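Residues per chain are reported as follows:
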Amino acid sequence: MTKKAETDTTTVPQVETVAALRDRVATWRNAGLRIGFVPTMGALHQGHLSLVDYARDHADRVVVSIFVNPKQFGPSEDFDRYPRQLAEDRAKLATVGTDLLYAPSVAEMYPEGFSTTVSVAGVTEGLCGASRPGHFDGVATVVTKLLLQAQADVAVFGEKDYQQYLTLKRLVQDLDIPTRILPGPTVRDADGLAMSSRNAYLSAPEREIALALPRTLTRMVEVLEAGQDDIDAVLRQGRAALQEAGITQVEYLELRDAETLRPVTRLTAPARVLAAVRVGQTRLIDNMAVTPPRR
Ligand code: AMP
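This is a predicted model, so every value here is computed, not measured. (Residues numbered from 1 in each chain as written. Predicted model: local features only at pLDDT ≥ 70, side-chain atom pairs only at ≥ 80, totals over all residues. Heavy atoms only, no water.)

Undergrad: Can you explain the environment of Arg188? Please cite residues and give values.
TA: Residue position: Arg188 is located in the loop between strand 6 (180-184) and helix 8 (204-210). Taking the relative accessible area as the measure of exposure, Arg188 reaches 27% and is therefore partly exposed. Considering only alpha carbons, one finds Arg188 and Lys160, 28 residues apart in sequence, at a separation of 9.7 Å. Contacts of Arg188, omitting those with residues within four sequence positions, involve Leu193, Ala194, Met195, Pro214, Asp286, Asn287 and Met288. Polar contacts involving the side chain of Arg188 include one to the main-chain carbonyl oxygen of Gly192, which spans 3.0 Å. Only 2.9 Å separates the side chain of Arg188 from the side chain of Asp286, close enough to count as a polar contact. (Helix = DSSP H or I, 4+ residues; strand = E, 2+ residues; numbered from the N terminus. Buried < 20%, exposed > 50% of the residue type's maximum accessible area, 1.4 Å probe, protein only. Contact = heavy atoms within 4.5 Å. Polar contact = N/O pair within 3.5 Å; in protein donor to acceptor, adjacent residues only side chain to side chain.)

Encoded structure:
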């Protein structure tokens, strides 16, 4: 169904302004083409590139944005040192047939006098919302802008950031934004660690320790799906396993409903185990699906 990308392995065309983006997208829309959109903060890895492939399966043209959004970082977080490598990213995007790279500046996104915040209640409360105050407001505000700027038919977000994905699904529904939000599966390195631009911060020994995160979540999923119904015990064992492996700073480790993110006390509907931990200075998140066992 998809039409061939305009670019294959040549350089991906790049725009930096809302006007130029709108122009390019309008030409495609007028030709009856469907637009797919993949918002990112750059420092691209295979996880991001898989979302481009996924978008291509649902659209004729794929736009990727790279914007390190200052509004979603707390004052003591890593905004300043977040990896920025636009030329390298652009080359990677060419290998997956991206049609357009949108790389706005902070001044283009938030011009002098910018005063609006978009805030989603409910699914943003707890988990990362509790440990990163203001984070989801920053995400909701920038994604609202990006979606209105790009006028895409579909936008793909990774399940890696599961709470963010649910927040954005809620956002487009509540604000009647005519873009369908699609979830892209989490891509992992061969050792199991979910790919993340922040993995670059980990030293080799820290990375070894970090592997306990996917290992522990996998084990918890197995135990829950095998029918263990003492959820508190599973969570306690999970925390103990992380501690034992050297992950002493566990921000949260929880079992939540896969749709509402409400805490689960009995596993009767699709759920998700979600965790945020710190290994050294690096904050890592991960989550996995849990299917209720047939009883
Ligand atoms: P980021 O650049 O970290 O803001 O991520 C941009 C998009 O890529 C978000 O929708 C993320 O959820 C998604 N993403 C990040 N890491 C992965 C991964 N390992 N697998 C799949 N998607 C990912």
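Undergrad: An account of the domain arrangement of the chain is requested, with residue identities and associated values reported.
TA: Assigned domains within the chain: domain 1 (14-184) and domain 2 (197-290). A separation of 26 Å is found between the C-alpha centroids of domain 1 and domain 2. Facing 22 residues of domain 1, the contacting portion of domain 2 comprises 17 residues. Between domain 1 and domain 2, the buried area comes to about 1800 Å², and carbon and sulfur atoms account for 52% of it. Considering only the surface of domain 1 that becomes buried against domain 2, Arg81, Leu127 and Tyr162 emerge as the three largest contributors, covering 36% of it. The tally of links from domain 1 across to domain 2 stands at two salt bridges. For the interface between domain 1 and domain 2, the tally reads 11 residue pairs in polar contact (both at pLDDT 80 or more). (Domains from an automatic or database assignment. Buried area = accessible area lost by both parts, 1.4 Å probe. Salt bridge = Lys/Arg side-chain N within 4 Å of Asp/Glu carboxyl O.)

Undergrad: Pulling in residues and values, what's your account of the sheet that holds strand 7 (residues 249-257)?
TA: Pairing is antiparallel in the open sheet, where three strands are placed in the order 7-8-9. A strand with exactly one partner marks an edge of an open sheet, and here the two such strands are strand 7 and strand 9 (282-290). Adjacent strand axes in the sheet meet at a mean angle of 10° when their direction is disregarded. Note that strand 8 (residues 271-279) and strand 9 share nine bridges and pair antiparallel. Paired with Arg272 across the strands is Ala289, a residue of strand 9. Along the sheet face, helix 9 (residues 212-225) touches strand 7, strand 8 and strand 9 and points at about 20° away from the line of strand 9. (Pairing = 2+ DSSP bridges. Axes fitted to C-alpha atoms, helices over the stretch in contact; angles between N-to-C directions.)

Undergrad: I'd love a proper account of the site of the ligand, names of residues and values included.
TA: The full set close to the ligand counts 17 residues, and Met41, Gly158, Asp161, Val187 and Met195 are the nearest of them. The contact in question runs from an oxygen atom of the ligand to an N or O atom on the side chain of Asp161, over 2.6 Å. In this structure, a nitrogen atom belonging to the ligand sits 2.8 Å away from a main-chain N or O atom of Met195. If the ligand stood free it would expose 490 Å²; the protein chains cover 92% of that surface. Comparing atom positions with the cavity grids shows the ligand to sit within the largest cavity. Where the shell around the ligand is concerned, the elements lending two or more residues are strand 2 (35-40), helix 2 (46-58) and strand 5 (154-158). A total of three residues in the shell around the ligand trace back to one element, the largest contributor, which is helix 2. (Near = heavy atom within 4 Å. Areas by Shrake-Rupley, 256 points an atom, 1.4 Å probe, with all protein chains shown as cover. 1 Å grid on protein atoms, 1.4 Å probe; cavity = no way out; pocket = protein on both sides within 12 Å on 5 of 7 lines; lining within 4 Å. Sits in = over half its atoms within 2 Å of the grid points.)

Undergrad: Talk me through the packing of helix 1 (residues 18-30) against helix 6 (residues 135-150); I want residue IDs and the actual numbers.
TA: Following both chains from N to C, one finds helix 1 and helix 6 inclined at 45°, their axes separated by 8 Å at the closest point. With respect to helix 6, the element helix 1 is oriented oblique. Where helix 1 abuts helix 6, its residues Val18, Leu21, Arg22 and Val25 lie against Leu148, Gln149 and Ala150. Among the residues making up the contact of helix 1 with helix 6, the classes are represented as five nonpolar, one polar and one charged. (Parallel < 35°, antiparallel > 145°, perpendicular 65-115°, else oblique. Nonpolar A, V, L, I, M, F, W, Y, C, P; charged D, E, K, R; others polar.)

Undergrad: I'd love a proper account of the side chain of Gln163, names of residues and values included.
TA: As for its position among the elements, Gln163 is in helix 7 (residues 162-174). A distance of 3.5 Å separates the side chain of Gln163 from the backbone oxygen of Thr124, its partner in a polar contact. If we ignore the near neighbours within four places in the chain, the residues touching Gln163 are Val123, Thr124, Glu125, Gly126, Leu127, Cys128, Gly129, Phe136 and Leu261.

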